[in-house]
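# Examining the three-dimensional arrangement
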Amino acid sequence: MARKNLLKGLMEEATRAPAPSEPAESGEDTRVDPARPRYKGGAIGAVSQSIAELKSRSVIEIDPHQIDAGGLTDRLDDDDGDHQALVESIRESGQQVPVLVRPHPGDEGRYQIVYGRRRVLALRDIGQPVKALVRDLDDRELVLAQGQENAARKDLSFIEKANFARQMRDLEYDRKAICAALHVDKTVISRMLSVIDRIPIDVIEAIGAAPSVGRDRWIALAELLDGENGATPDEAVALVNLSGPADSSDKRFEALIKALTLPRRRAQEDRPKPEKSKLRGADGAPIGHATHKENATVLTLPHDTADGFDKWLIDHLSDIHRDWLNRRGE
């Protein structure tokens, strides 16, 4: 009897017209986010919310052809060898870790990938459904979730993380959100952006992830591109492509560094070598030498042969210079 009364009460509450809401205080935002589920109050609302939360934690199977790209570009390389290895691993052992998707905001019945893109592509090739968690995420939450998953992966390179930070900044995410997405502090984000802003994105995409190349080497590349013998983005991409698409991204990076450094080395080799002349004292004994460079003359007076003359010369240099001016008539 008690159970029937409880069910009756739930049904009455579900059909009861909602009470008029209190007027919003001045300045309060009363808009409802259409991307969010609307829960009713009372027991039915609690049950509905619990069911939604259970669904968000359950793994479902989705046709991989129903999953579209989403979020920001995280990886710069699509290595065919890595892809084939992942295909064989999933074919042999199955999909061990589910991907995360959200309902496509503009195409009902489809989904957008949050993370796990490579697994989706591998399962598409195999012809198997994708095990996925489905979350109701807005664009901001999608990017944050994607960034946090990327930050937890050890195989994401410096430049890939920097590129992710750049995309978030260009979409006008604040620095706090970028730090939260990549799990790093503002100083690290500033360093990442200072590097990637100096290197054209076309050059970065031509090189790829370059997993063994850290921040200092990317800074060196930026300085070479900005230098006297720098190259335009198109020229730099052409230099990268000379190394061949089959080479690794690390090798493509080194090939560009070498190509940009070579003109400098040749220019240094073509410069005339500095001339040296011996310096002798009043008795004709050597006391040092003068090196005549392109833009300076350097006097070298070793202590053991100068015997204090070097210090005396420094102390009396103004007098010597004055005598020289007088002789010139100045």
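Here, every reference points to the structure presented above.
First, a word on what this report is: a plain description of the structure on this page. Per chain, residue numbering runs from 1 following the sequence as it is written. A pLDDT threshold of at least 70 governs which residues receive local features in this predicted model, and a stricter bar of 80 or more applies before side-chain atom pairs are shown or counted, although totals over entire chains, interfaces and linings include all residues. Only hydrogens and water are removed before side-chain values are computed, so all heavy atoms of the structure are retained for them.

### Describing the packing of aromatic side chains
Inclusion rule: Side-chain rings of Phe, Tyr and Trp (the six-membered ring for Trp) are treated as a pair once their centres are within 6.5 Å; stacked means planes under 30 degrees apart, edge-to-face means over 60, and tilted covers the remaining angles. The way it works is that DSSP assigns letters per residue, a run of H or I at least four long becomes a helix, a run of E at least two long becomes a strand, and they are numbered from the N terminus. The rule is simple: take the accessible area with a 1.4 Å probe, protein chains only, and divide by the maximum for that residue type; under 20% is buried, over 50% is exposed, in between is partly exposed.
What the rule picks out here adds up to 2 aromatic pairs. Residues W218 and F253 carry aromatic rings whose centres are separated by 4.9 Å and whose planes lie at 65° to one another, so their mutual orientation is edge-to-face. Here the residue W218 occupies a position in helix 10 (residues 215–226), and F253 occupies one in helix 12 (residues 249–270), the gap between them amounting to 35 residues. Of the two residues, W218 and F253, neither departs from the other in class, the shared state being buried. Aromatic pair F309 and W312: ring centres 5.9 Å apart, planes at 20°, arrangement stacked. Separated by 3 residues within a single helix, F309 and W312 lie in helix 14 (residues 309–315), roughly one turn from each other.

### Notes on the nonpolar core
Across soluble globular proteins, nonpolar side chains show a tendency to be buried alongside one another. Our working definition: What is meant by a nonpolar core is a set of buried Ala, Val, Leu, Ile, Met, Phe, Trp, Tyr and Cys residues, joined one to another through side-chain atoms within 4.5 Å. Contacts are assigned to residue pairs with any non-hydrogen atoms lying within 4.5 Å of each other.
Among the nonpolar cores identified, the biggest contains 47 residues, and M168, I199, I207, W218 and L221 are the most heavily contacted of them. The biggest single contributor to this core is helix 6 (residues 158–170), with 6 residues. Those residues in contact with I199 that sit more than four places away from it in its chain are I204, W218, L221, A222 and L225. With 15 residues, the next largest nonpolar core counts V87, V99, A122 and V130 among its residues.

### Quick word on helix 11 (residues 233–241)
So the rule is basically this: By definition, the arc is the one covered by directions from the helix axis to the C-beta atoms.
Those residues of helix 11 that sit buried are A236, V237 and V240. Considered in projection along helix 11, the buried side chains sweep an arc of 100° and stay on one side of the axis. Among the exposed residues of helix 11, those oriented more than 90 degrees off its buried face are D234 and N241.

### What about the packing of helix 6 against helix 8 (residues 186–196)?
What counts, and what does not: A fitted line through C-alpha atoms represents every axis, and for helices the fit uses only the stretch in contact; the resulting angles, taken between N-to-C directions, go from 0 to 180 degrees. Angles below 35 degrees are treated as roughly parallel, those above 145 as roughly antiparallel, those between 65 and 115 as roughly perpendicular, and all remaining angles as oblique. As a working rule, the residues Ala, Val, Leu, Ile, Met, Phe, Trp, Tyr, Cys and Pro are called nonpolar, Asp, Glu, Lys and Arg charged, and the rest polar, with Gly in that last group.
One way to put it is that helix 6 packs onto helix 8 with a least axis distance of 9 Å and a crossing angle of 95°. Taken together, the axes of helix 6 and helix 8 lie roughly perpendicular to each other. The segment helix 6 lies against helix 8, with F158, I159, K161, A162, N163, A165, R166 and R169 engaging I189, M192, L193, V195 and I196. Split into classes, the residues belonging to the contact of helix 6 with helix 8 amount to 9 nonpolar, 1 polar and 3 charged.

### Quick word on the sheet that holds strand 2 (residues 67–68)
Threshold: Here, any two strands with at least 2 DSSP bridges between them count as paired.
Within the open sheet, the 5 strands sit side by side as 1-5-3-4-2. Their pairing is mixed. Sheet topology places strand 1 (59–62) and strand 2 at the edges, where each strand pairs with a single neighbour. Relative to strand 4 (residues 111–115), strand 2 runs parallel, the two being bridged by 2 bridges. Paired with D68 across the two strands is Q112, which belongs to strand 4. The strands that helix 4 (residues 117–126) touches are strand 2, strand 3 (99–103), strand 4 and strand 5 (130–134); relative to strand 4, the one it contacts most, it runs at about 125°.

### Section: the sheet that holds strand 7 (residues 286–292)
Two strands in a sheet stick together by hydrogen bonds in their backbones, pointing the same way (parallel) or opposite ways (antiparallel). In spatial order, the strands read 6-7-8; together these 3 strands make up an open sheet with antiparallel pairing. A strand with exactly one partner marks an edge of an open sheet, and here the two such strands are strand 6 (275–280) and strand 8 (297–300). Neighbour-to-neighbour, the strand axes of the sheet open up by a mean angle of 20°, direction not taken into account. Inspection of the sheet shows strand 7 paired to strand 8 by 4 bridges, in the antiparallel sense. Its bridge partner being in strand 8, A290 is matched across the sheet by L299.

### Re the packing of helix 7 (residues 175–182) against helix 8
The interhelical angle for the contact between helix 7 and helix 8, taken along N-to-C directions, is 95°, at an axis separation of 9 Å. Classed by the angle they form, the pair helix 7 and helix 8 counts as roughly perpendicular. In this structure, helix 7 uses R175, I178, C179 and L182 to contact helix 8, whose residues at the interface are K186, I189, S190, M192 and L193. When its residues are assigned to classes, the contact of helix 7 with helix 8 shows 6 nonpolar, 1 polar and 2 charged.

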